[in-house]
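Below are the chains, spelled out letter by letter.
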Amino acid sequence: MKTSTRLALWGFIALTTGNTYAQTPYPNLMRFDTASAEVREYIVHSITGCVRTASIALVRNHGFPDSPTYIKHLSVVNFRLELGLEARRCVEVLKGSPTVGGDRSCYFYKTSRLCRDPMYRPRVYSDKDITLYDFEPDEFLYYDYGTKKGRGRHERWRLVPPYDIDYGWFCRAETARLAFLTPERCPLVDRVDGDHHIRISLLHTASGGTIKTEDAKRMKPEELLRELGVESVFSNRVFSLNEGCVFHVDYELPRLKQESKNRVPDEVPPEVMRLSSEEVSEVVRLAYAVDGDAAGYDAACARCPQLLKPVTEFRTGIGRMLREALSAGGMLPNGASPAAKE
């Protein structure tokens, strides 16, 4: 079948089925194998740094304000604003607690870097750009509410990452993101006054009272959790984003009720990296290998057969690089051979 015919048929299916989004391919998105060496190294470094503790999930935007799901969760809007959280929908959990999925609401802390005012995000200057300072070969200068010096590649990555998830995090309801998410079981007290768009002075408690923001920042997280009465939400539905660990994937998503069937497809910025089903499968397979849980990956394939496939060998660039990095760090039992009993 010719490519044009195949794409036309795909579009027809998307309009006639009505209950899923058949995502169109995004040929202009960044791919791992064609990205720069620094971007590839940074992504593998980022995944390696959080893979022991992170859940891996398919996430999408929450939907329109008039959707029944959004209205159902209006009662927690103040809770989100007060604690500096963003609402998204967790479509499927590839690794972690399966109870989180089902296209239900979850809440996310941005990375500390993304919580800053975009007008004051760090900008790195090398010694080639500024001659007023005496630099060592691996040293750099950055602006972040003032002038400071830093040293080394990892410090530069922390300030201005070569692959910025700020591009990849926001997406419309019909677009799926693969994200490595660290579960949070208590509020982060340094985030309780919202973000740079909204500043909160009072937090509403479960008993109907209020707590001043400056007092909440001095409370223990467990105490604040009880006062706000949000134990059930923090039991399994609050996460922190990990830098460099959000990607675009082609995945047919359930259509939200009351949404138009003729919506314009999401315009994904080309800075977002797109991972194929094979790449995602190898990455998730390695994440389970770190835990020595080959059976867990088999169960994930059964939950999400549209995206995850059995892995018999590591053939993709990201799979091979990640396996090498995890092996070098001593994180893979038996070398993570797909056929091995981890």
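A short tour of the structure in this document, coming up. No experiment lies behind these values; they were computed from the predicted model shown.

For the rest of this paragraph, the subject is the packing of helix 10 (residues 277–290) against helix 12 (residues 317–328). It is at 9 Å that the axes of helix 10 and helix 12 come closest, and there the two elements cross at 15°. Judged by the angle between their axes, helix 10 and helix 12 are roughly parallel. Relative to helix 12, the crossing made by helix 10 is right-handed. The residues of helix 12 that touch helix 10, namely those facing E279, E282, V283, L286 and V290, are I318, G319, R320, L322, R323 and L326. For the contact of helix 10 with helix 12, the per-class residue count stands at six nonpolar, one polar and four charged.

Turning next to the packing of aromatic side chains. Tallied over the entire structure, the rule returns four aromatic pairs. Judged by centre distance (6.1 Å) and plane angle (65°), the ring pair of Y288 and Y297 falls under edge-to-face. Judged by its relative accessible area of 6%, Y288 falls in the buried class. The positively charged end of K95 is found above the aromatic ring belonging to Y288, 5.7 Å away from the centroid.

Right, let's get into the side chain of E184. In this fold, E184 is placed in the loop between strand 8 (176–183) and strand 9 (202–204). Within the buried set, E184 has no salt-bridge partner at all; the shortest N-O distance to an opposite charge, 7.5 Å, is to R191. A distance of 2.8 Å separates a polar atom in the side chain of E184 from a polar atom in the side chain of S240. Once you skip the residues sitting within four places of it in the chain, E184 turns out to touch Y109, F234, V238, F239 and S240.

Parameters at a glance
- Residues numbered from 1 in each chain as written.
- Predicted model: local features only at pLDDT ≥ 70, side-chain atom pairs only at ≥ 80, totals over all residues.
- Heavy atoms only, no water.
- Axes fitted to C-alpha atoms, helices over the stretch in contact; angles between N-to-C directions.
- Helix = DSSP H or I, 4+ residues; strand = E, 2+ residues; numbered from the N terminus.
- Parallel < 35°, antiparallel > 145°, perpendicular 65-115°, else oblique.
- Left-handed = near helix turned anticlockwise from the far one by under 90°.
- Contact = heavy atoms within 4.5 Å.
- Nonpolar A, V, L, I, M, F, W, Y, C, P; charged D, E, K, R; others polar.
- Phe/Tyr/Trp six-rings, centres within 6.5 Å; stacked < 30°, edge-to-face > 60°.
- Buried < 20%, exposed > 50% of the residue type's maximum accessible area, 1.4 Å probe, protein only.
- Lys NZ or Arg CZ within 6 Å of the ring centre and 35° of its normal.
- Lys, Arg positive; Asp, Glu negative; His and termini not counted.
- Salt bridge = Lys/Arg side-chain N within 4 Å of Asp/Glu carboxyl O.
- Polar contact = N/O pair within 3.5 Å; in protein donor to acceptor, adjacent residues only side chain to side chain.

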